[in-house]
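# A structural walkthrough
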Amino acid sequence: MSVIPVRAARETIGDQRRRTSRHGGLLEREGFLAYLFMMPGGLILLLFMAYPFFLGIYLSMTDKLVGFPEFSFVGLYNFRYLLQQDSVFRQTVANTFVYAFFTVPFKLVFGLGLALLLNQSFRFSRVVRAGLLLPWIVPTAISSLGWLMIFYPVLSPISWVLKDWGLIDSNVNFLGSRFNAMASLCLANIWRGIPFFGVSILAGLQAVPTDLHEAAALDGASPWQRFLAVTLPVIRNIVLITTLFSIIWTFADFQLIYVLTKGGPANTTHVFGTYAWQVGMGGTGDLGGAAAISLYMFPILAVFAVILLRYVRSED
Amino acid sequence: MTDDRVNQLIREATRLRYSRRGVVKRAAALGLSGSALSAALAGAGHAAAAPSRAPARQTSGKLAILANSYFVPAGQEHFLAEAQRWGQENGVEVTADFVSYPDLQAKIGAAVSGNNGPDIIEMWDTWPSLYYQSMVEVNDLAAAAADAKGGYFDWVAPTAAVDGQWYSVPTGFSSSAWAYRISHFEEAGVVDAANNFPKTWDEVFAVGKNLKAMGKPIGQAFGHSLGDPPNFCYSYMWAHGAMEVEEDGKTVAFNKPEFVAGMEKFIQGYKDGFDETGLAWDDAVNNRAFLADEISATINGSSIYLTAQKDMAEKPNEAVVDPADITHGAYPAGPAGQFAIVGSRSYGIMKYTKNLEAAKAFMAWWTAPEQFQPWLESQGGYIVAPQTGYADLPIYVGDPKLKPYIDIIAYGRNKGYAGPSDIKAARVYSDYIVVDAFSKAIQSGDAKGSVEQAAQQLDRIYRR
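Predicted model only: the values in this text are computed from it and were never measured.

### Let's talk about the pairing of strand β3 (residues 120-123) of chain B
Residue and element names in this part refer to chain B. Side chains I120 and E122 project from β3 onto one buried face, and the interleaved I121 and M123 project onto a second face that is buried too. In the sheet, strand β1 (residues 61-68) pairs with β3 via two bridges, with the strands oriented parallel. Bridged to L66 within β3 is I121. Alignment of β3 against strand β13 (residues 345-349), held across four bridges, turns out to be antiparallel. Bridge pairing links I121 to G348 in β13.

Listed below in structure tokens is the structure:
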């Protein structure tokens, strides 16, 4: 291996640069290069997000059924039908709001508490922090099956233990009544969502300068005051962004509900995703109707996304 | 007049490829004379000898089959082994996927939309009317399978053919009946319980009350599941004078005062006699609950009984329920009579297949009696054969406890009855409109409101 003296090497690189700038000036321009680097991502987005999105908009304005090649353009009929005539859809909208806005505050509070706890250093704190992520890492379809076993109508371990202790006579009706089914779903959703809040907020907490805390403590601030005046302002934005993300994801949930109730009993746990699936894929294959159901989510989620993006920008 | 009926029969027989026996039966049903029958037989081409079998075909390549996962696992093993044996003998690489049936339709939808997927797909009743445009017309295969064993029963064509054309070959009906525990029913005060399942819905509710007091209620699924919940709800609906639609296929006939009264009775009967977690049950829960001695009675295929027999034979120490204590009863009657769902499952060849020859050859081979009968037998009578000629097999008549699974054919109706079993009936079925009327009534206690709301939904589907 030959060793090139440093100066010679610099000259070589300099020569190359001059050559590129002469022949390939485009690559030197930051603007062009940025777009070049963005292209693979952009293509993927175009192919897997934009195309299905616009296809969805197109389908939502047709009466396309799976298996029937002919279909016609029906304008906004599907949207009007859902809003004016489909009682299941109205119920679905209500269910989705309940599901999202009931679970997120719990996830936030528990996640915040967990983050504060884990921010203390103790033995095995790193292991515990990694373990905390488990509910988040395990594929939802699998963890939902675990919940299905817990909530199983006749063979639920909870029911069996309570019956064995003589506390109840008949099985707990976890998924078989409107209120219980929604509560059970929320519980499983909260369990799954806490780690996301916990870990995100934990990252924020580690950015809180310790000297500020020490200064506040010296000035006689109580732990609660220190939390409000020192910690909270620093993690405020991260909490906000995490919350918005969580709302968006919970709105668009599918797997947990599909595994546990399939939208039953009597449609009291349908959310946009599961109802669209039932209409579009589960049965007759009414793709137009299903696309319209999914698209109703769009304006609602767009509002949250805009708020989110604004905050991210103001962070910058 | 007779001429009209003869001509009508000839048209029907040609369209649906009735066997000789099928024509004779229809002629009898229409009340035709002997000479008219001869004319009909001649017109339908049955004067000639039995149709020749399809010639052997050259096959190669791959063949993918998508089917419902079997409720009797031995049947699935049998089918897979046989299909692969055929593949080896004919130089075709055969694969089969078995999925649970809430997922089956999603897979079919994806295959049909993408014009790519399994070559042969199993369909439940009403489904051929959804996908026939993507399926190969198989009138010859269906006719050959029918003729080989005495023709199809009357309930087969209306639930598996589309407008008189076969796009799939019928493979039979997952029959259902009430499975119940003899000892529990005796304890609940039923005399000679082994032979005396309640004959009316009122009697079912009365026994249910005692059973629930004993801690062994009736168990019935009312969740979003395509098997047991519709079996209960359609039977109860028809027995109380309501139906999705009149014979014209347009006039919704669901919101009937007698049905609202029936629904009120049901709400009370459910509270008094049923396991109230039933709203969350799917098709599998009642099997498990029954075999764990949690419930006394449920509507199901013969799979509970067959599993109990298997468990008792293979691991007698672990079996909770003795199959000797299980028997079956017919659907009870209501004010309007006795009803239940019947409908044939079938296997269709998809238009996009790249191996049509092999697919047709496989279907012809499998539905021929030499293969089909062992396949039926591997499921111990769980599937009621679509051809009349299998009716005397020991799997159907050998065990008197299984008789209700055959008897159902006498009073069974297609989904969508009194209308046709068409795409609209399929939609009502897969949107759980009838089932949700029941589960809503249970939850709200409002019989009238639940029936009215479902009637509105039906109206929108049938008016479209």
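Now that the structure has been shown, the text picks up again.
### Observations regarding the sheet that holds strand β5 (residues 177-181) of chain B
All names here are of chain B. The strand order β8-β5-β9 describes an open sheet built from three strands, whose pairing is antiparallel. Looking at the sheet topology across the chains shown, the edges are occupied by β8 (297-300) and β9 (326-329). Ignoring which end each strand starts from, the neighbouring axes of this sheet average 30 degrees apart. Pairing of β5 with β9, which is carried by four bridges, proceeds in the antiparallel orientation. Considered in β9, the bridge of Y180 is made with T327. Set on the sheet, helix α14 (residues 303-314) makes contact with β8 and β9; between it and β9 the angle comes to about 165 degrees.

### Considering the sheet that holds strand β14 (residues 383-384) of chain B
Residue and element names in this part refer to chain B. Here six strands make up an open sheet; going across it, the order is β2-β1-β3-β13-β4-β14 and the pairing mixed. With one partner strand each, in any of the chains shown, β2 (92-99) and β14 form the two edges of the open sheet. As paired strands, β1 and β2 are joined by eight bridges and run parallel to one another. Paired with A64 across the bridge in β2 is T95. Where helix α5 (residues 101-114) meets the sheet, its contacts fall on β1, β2 and β3, and the angle it forms with β1 comes to roughly 135 degrees.

### Overview of the nonpolar core
The biggest cluster of nonpolar side chains holds 137 residues, and the ones touching the most others in it are W178, F232, F254, F266, F362 and F438 of chain B. Top contributing element to this core by residue count: helix α15 (residues 356-366) of chain B, with eight residues. For this core, the domains that each give at least three residues are domain 2 (62-169 + 343-395) and domain 3 (177-341 + 412-462) of chain B. Counting residues in each nonpolar core, the second largest holds 39 residues, with L112, V230, F272 and L295 of chain A among its members.

### Focus on the interface of chain A and chain B
Facing the 44 residues of chain A at the interface are 41 residues of chain B. Carbon and sulfur atoms make up 53% of the area that chain A and chain B hide from each other, which totals about 3,300 Å². Joining chain A to chain B, the criterion identifies two salt bridges. K163 of chain A serves as the salt-bridge partner of E294 of chain B, at 3.5 Å between the closest nitrogen and oxygen. There are twelve residue pairs in polar contact (both at pLDDT 80 or more) connecting chain A and chain B.

### What to know about the packing of helix α10 (residues 201-213) of chain B against helix α12 (residues 257-273) of chain B
All names here are of chain B. Put simply, α10 and α12 touch, their axes get as near as 7 Å, and they point 25 degrees apart. With respect to their mutual orientation, α10 and α12 come out roughly parallel. Read as a crossing pair, α10 and α12 show a hand that is left-handed. In this structure, α10 contributes D202, F205, G208, K209 and K212 to the contact, and α12 contributes K265, F266, G269, Y270, K271, D272 and G273.

### Digging into the packing of helix α4 (residues 73-90) of chain B against helix α16 (residues 369-378) of chain B
Residue and element names in this part refer to chain B. Here α4 crosses α16 at 155 degrees, and the two axes come no closer than 8 Å. In terms of orientation, α4 lies roughly antiparallel with respect to α16. Counting all contacts with α4, which are made through A74, G75, H78, F79 and E82, the residues of α16 involved are Q371, P374, W375 and S378. The class makeup of the residues in the contact of α4 with α16 is four nonpolar, four polar and one charged.

### Some points on a nonpolar patch on the surface
Residues and elements named next belong to chain A. Together, L26, L27, F32, L36, F37, M39, L43 and L46 line one region of the surface with nonpolar side chains, adding up to about 800 Å² of accessible area. Sorting the residues of the nonpolar patch by element identifies α2 (25-28) and α3 (30-60) as the ones contributing at least two each. At six residues, the largest contribution of residues to the nonpolar patch is made by α3. Mapped onto the elements of the fold, M39 is located in helix α3. The partly exposed category is assigned to M39, whose relative accessible area is 49%.

### Remarks on the packing of aromatic side chains
Using the criterion set out here, one finds 81 aromatic pairs over all chains in the structure. Seen from their ring centres, F101 of chain A and F304 of chain A are 6.2 Å apart, and the 45 degrees between their planes marks the pair as tilted. Of this pair, F101 of chain A sits in helix α5 (residues 87-119) while F304 of chain A sits in helix α15 (residues 287-315), placing them 203 residues apart in sequence. Using a relative accessible area of 38% as the deciding quantity, one classes F101 of chain A as partly exposed. Residue class for F304 of chain A comes out buried when judged on its relative accessible area of 14%. Relative to F438 of chain B, the ring of F232 of chain B has its centre 6.4 Å away and its plane inclined at 90 degrees; by these criteria the two rings are edge-to-face.

### Focus on the pattern of salt bridges
Residues and elements named next belong to chain B. Overall, the coordinates contain 18 salt bridges over all chains when judged by the stated rule. Of the charged contacts in the structure, one is a salt bridge between D293 and R181, with a shortest N-O distance of 2.8 Å. Of this pair, D293 sits in the loop between α13 (285-291) and β8 while R181 sits in strand β5, and the two are 112 residues apart along the sequence. The same class applies to D293 as to R181, namely buried.

### Some remarks on the side chain of T231 of chain A
Mapping T231 of chain A onto the fold places it in helix α12 (residues 223-251). In this structure, T231 of chain A is in contact with L205, V208, H213 and R226 of chain A, ignoring residues within four places of it in sequence.

### Some words on unusual backbone geometry
Glycine aside, a negative phi is what most residues show, and trans is what most peptide bonds show. A cis geometry characterises the amide bond from G264 of chain A onward to P265 of chain A, with omega recorded as -10 degrees. Looking at the element boundaries, P265 of chain A is found in the loop between α13 (255-260) and α14 (272-282). Cis rather than trans, the peptide bond between Y417 of chain B and A418 of chain B has omega equal to 10 degrees. Along the chain, A418 of chain B turns up in the loop between β15 (412-413) and α19 (423-430). Non-glycine residue A266 of chain A carries a positive phi angle of around 50 degrees. Mapped onto the fold, A266 of chain A is located in the loop between α13 and α14.

Cut-offs and rules
- Counting restarts for each chain, with residues numbered from 1 along the sequence as it is written.
- Chain letters start at A and ligand numbers start at 1, both assigned in the order the entries are written.
- Residues qualify for local features only when their pLDDT is at least 70, as the model is predicted, and side-chain atom pairs are given and counted only at 80 or more; totals for whole chains, interfaces and linings, by contrast, use all residues.
- The side-chain quantities take in all heavy atoms of the structure and omit both hydrogens and water.
- Working definition: with a 1.4 Å probe on protein chains only, accessible area under 20% of the residue-type maximum means buried, over 50% means exposed, and in between means partly exposed.
- A run of DSSP states H or I qualifies as a helix once it reaches four residues; a run of E qualifies as a strand once it reaches two. Both are numbered from the N-terminal end.
- A strand pair is defined by DSSP finding two or more bridges across the two strands.
- Working convention: axes come from line fits to C-alpha atoms, limited for helices to the stretch in contact. Angles between N-to-C directions cover 0 to 180 degrees.
- Contacts between residues were defined by any pair of non-hydrogen atoms, one from each residue, lying within 4.5 Å.
- The criterion is simple. A nonpolar core is a set of buried Ala, Val, Leu, Ile, Met, Phe, Trp, Tyr and Cys residues joined through side-chain atoms within 4.5 Å.
- Domain borders in the structure are assigned automatically or taken from a domain database.
- Accessible-area loss on putting two parts together, using a 1.4 Å probe and summing over both, is the definition of buried area adopted here.
- Here, a salt bridge means any Lys or Arg side-chain nitrogen found within 4 Å of an Asp or Glu carboxyl oxygen.
- Here a polar contact means two N or O atoms within 3.5 Å. Within protein one must be a hydrogen donor candidate and the other an acceptor candidate, and residues neighboring in sequence count only if both atoms are side-chain atoms.
- Each angle is binned into one of four classes, with values under 35 degrees roughly parallel, values over 145 roughly antiparallel, values of 65 to 115 roughly perpendicular, and all other values oblique.
- Crossing handedness is read from the near helix: turned anticlockwise from the far helix by less than a right angle, it gives a left-handed crossing, and turned clockwise, a right-handed one.
- Throughout, the ten residues Ala, Val, Leu, Ile, Met, Phe, Trp, Tyr, Cys and Pro are labelled nonpolar, Asp, Glu, Lys and Arg are labelled charged, and all others, Gly among them, are labelled polar.
- Nonpolar side chains (Val, Leu, Ile, Met, Phe, Trp, Tyr) are joined into patches within 5 Å and like charges within 9 Å, using only residues with over 30% relative accessible area and no salt bridge.
- Here the accessible surface of atoms and residues is derived via Shrake-Rupley with a 1.4 Å probe, and residues count as covered only by protein chains that are part of the display.
- Centres within 6.5 Å are what make two rings of Phe, Tyr or Trp a pair, Trp counting through its six-membered ring; a difference in plane orientation under 30 degrees is then read as stacked, over 60 as edge-to-face, and the rest as tilted.

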